[in-house]
Amino acid sequence: MSGMKQRPLERPAPSAFHKHWPLARGIVFLNHGSFGACPKPVLKLQADLRRKMEATPVQFLWRHYEEWLEPARVALAKFIRVKPRDLVFVTNATVGVNAVIRSLKLRPGDALLTTNLDYNACRNIVVETARRAGAEVQVAEVPFPLERAEQVVEAILEAVTPRTQLAMIDHVASNSGLVLPVERIVRELEARGIDTLVDGAHAPGMLPLAVAKLAPAFYAGNLHKWVCAPKGAGFLWVREDKQAGVEPSVISHGHNTPRPGFTAFQDRFDWAGTFDPTAWFCVGAALGWMGQLLPDGWRELRQRNHALAVAARRLLCRRLQLEPPCPASMLGAMATLPLPDRFQGAPKAGKIDPEQLRLYDEFGVEVPFMRFGGPGRRWFRISAQIYNSLAEYEYLAQALQLL
Ligand SMILES: Cc1ncc(COP(=O)(O)O)c(C=O)c1O
């Protein structure tokens with residue numbers, strides 16, 4: 001922490017569940033969205049697994065690897081409703097999106113479609129892959145603020161042309177926090193012969209998921225965000241008819257070493273060279289532990305987080321006289337709001353917004369400030385996880401007034 005002076009506002013209490021997370025006391029952590037946060041029991045399991053790995057490295061990483069991997073894959077497959085044979089772990093959504101986009105056999109004149117709400121790292125994959133192939137990038141301009149989910153579908157379909165090969169569509173858009181109507185989008189694009197890659201970085205654990213029923217060509221997601229697995233746990237699901245064409249960015253043993261009982265797709269992805277696979281091995285435990293916190297399990301957890309995000313947004317709008325930029329029905333467990341007027345228009349400086357850093361240094365609040373949707377337009381995004389309390393958003397409102 002910098003030497004900035006701390007303001008004398010009394011810190012609010014988080015929820016009673018906060019004790020299960022190693023999150024720093026005295027920090028009002030309202031940014032679960034960026035990197036997630038892993039609870040203590042799951043981290044303990046990971047530490048135990050790491051001890052086993054270091055005690056008998058060859059037995060753990062080679063002989064018994066699949067015995068740890070498979071239960072995690074089966075648990076995740078059940079959670080996102082897919083067949084395990086179509087599912088592989090990757091270290092994060094960026095890796096999954098890279099594998100899909102960089103495997104495309106594009107010809108000059110082909111087009112890849114994305115939206116103005118996409119995530120910068122994934123936009124870069126699309127732009128660079130298109131550039132190398134002489135292909136075009138089409139950007140669907142979704143209005144934000146917006147009133148109806150239908151406006152997203154309209155903007156995407158307007159941008160489509162006969163040259164569009166694939167569309168990369170976020171399930172939950174990062175900057176805006178919008179939940180996009182992916183069922184409609186996938187159906188409409190399929191009907192036009194266009195494959196969809198759903199970038200579901202935020203969706204697992206935040207939204208109910210039935211990926212095989214949604215049936216896009218490709219779905220990439222993170223587990224270290226809303227499933228609360230250790231960092232380095234993501235997945236890629238590929239529809240069976242598309243699997244032969246998808247190569248991992250890292251070629252390793254699986255390319256010529258099939259294992260009985262595994263698909264060639266799994267062989268190619270399951271081992272990308274020596275690494276620490278314990279985050280993947282903990283996925284089943286994270287799903288199980290998070291799923292037993294409330295009587296009605298994951299469903300209640302998702303609904304509770306959504307309800308808290310909506311209540312927090314309402315509170316902030318009232319305290320700071322802000323207009324919500326989208327209907328509550330388009331939110332999951334995050335919400336983006338415009339920063340109050342006096343913050344608008346300031347020029348960009350540094351990797352992290354300087355006023356976001358002041359909010360952390362002076363008030364101990366972790367909340368991202370973002371710029372998008374027009375020159376000088378500035379926003380902030382709240383997340384709601386079970387360890388948060390409404391009092392923490394009240395404190396954020398006070399802190400923003402004093403900043
Ligand atoms: C929509 C979206 N895609 C991709 C990512 C990248 O996630 P990761 O850095 O874990 O690969 C994020 C991260 O926040 C995201 O919001």
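Shown above is the structure to which this text applies.
None of the values given here were measured: they were computed from a predicted structure.

Visitor: Help me understand helix α8 (residues 182-191) in this model?
Guide: Each α-helix winds once per 3.6 residues, and so residues spaced three or four apart point in a common direction. Residues Val182, Ile185, Val186 and Leu189 constitute the buried set of α8. End-on, the buried residues of α8 take up no more than an arc of 95°, which puts them together on one face. Relative to its buried face, α8 has exposed residues pointing more than 90 degrees away, namely Arg187 and Ala191. Packing partners of the buried residues in α8 comprise α7 (150-159), β5 (164-170), β6 (195-200) and α9 (211-214). The first or second residue beyond α8 is Gly193, which carries a positive phi of 75°.

Visitor: What am I meant to see in the sheet that holds strand β3 (residues 111-115) here?
Guide: Remark on secondary structure: sheet strands pair via backbone hydrogen bonds, oriented parallel or antiparallel. Strands sit in the order β2-β8-β7-β6-β5-β3-β4 across an open sheet of seven strands; the sheet is mixed. Strand pairing shows two members of the sheet lacking a second neighbour, β2 (87-90) and β4 (136-140), which therefore form its edges. For this sheet, the mean angle separating the axes of adjacent strands, direction not counted, is 20°. Pairing of β3 with β5 involves three bridges; the strand directions are parallel. Counted as the bridge partner of Leu113 is Ala167 from β5. Sheet strands in contact with helix α6 (residues 120-133) are β3, β4, β5 and β6, and its direction is about 145° off that of β4.

Visitor: Whenever I open this one, the environment of Arg7 confuses me. Can you help?
Guide: Mapping Arg7 onto the fold places it in the segment before β1 (28-29). Arg7 sits 62 residues away from Leu69 along the chain, and the two C-alpha atoms are 48 Å apart. Filtering out sequence-adjacent residues up to four positions away, Arg7 remains in contact with Arg358, Glu362, Phe363 and Leu402.

The rules behind the values
- Residues numbered from 1 in each chain as written.
- Predicted model: local features only at pLDDT ≥ 70, side-chain atom pairs only at ≥ 80, totals over all residues.
- Heavy atoms only, no water.
- Buried < 20%, exposed > 50% of the residue type's maximum accessible area, 1.4 Å probe, protein only.
- Helix = DSSP H or I, 4+ residues; strand = E, 2+ residues; numbered from the N terminus.
- Arc of directions from axis to C-beta.
- Contact = heavy atoms within 4.5 Å.
- Pairing = 2+ DSSP bridges.
- Axes fitted to C-alpha atoms, helices over the stretch in contact; angles between N-to-C directions.

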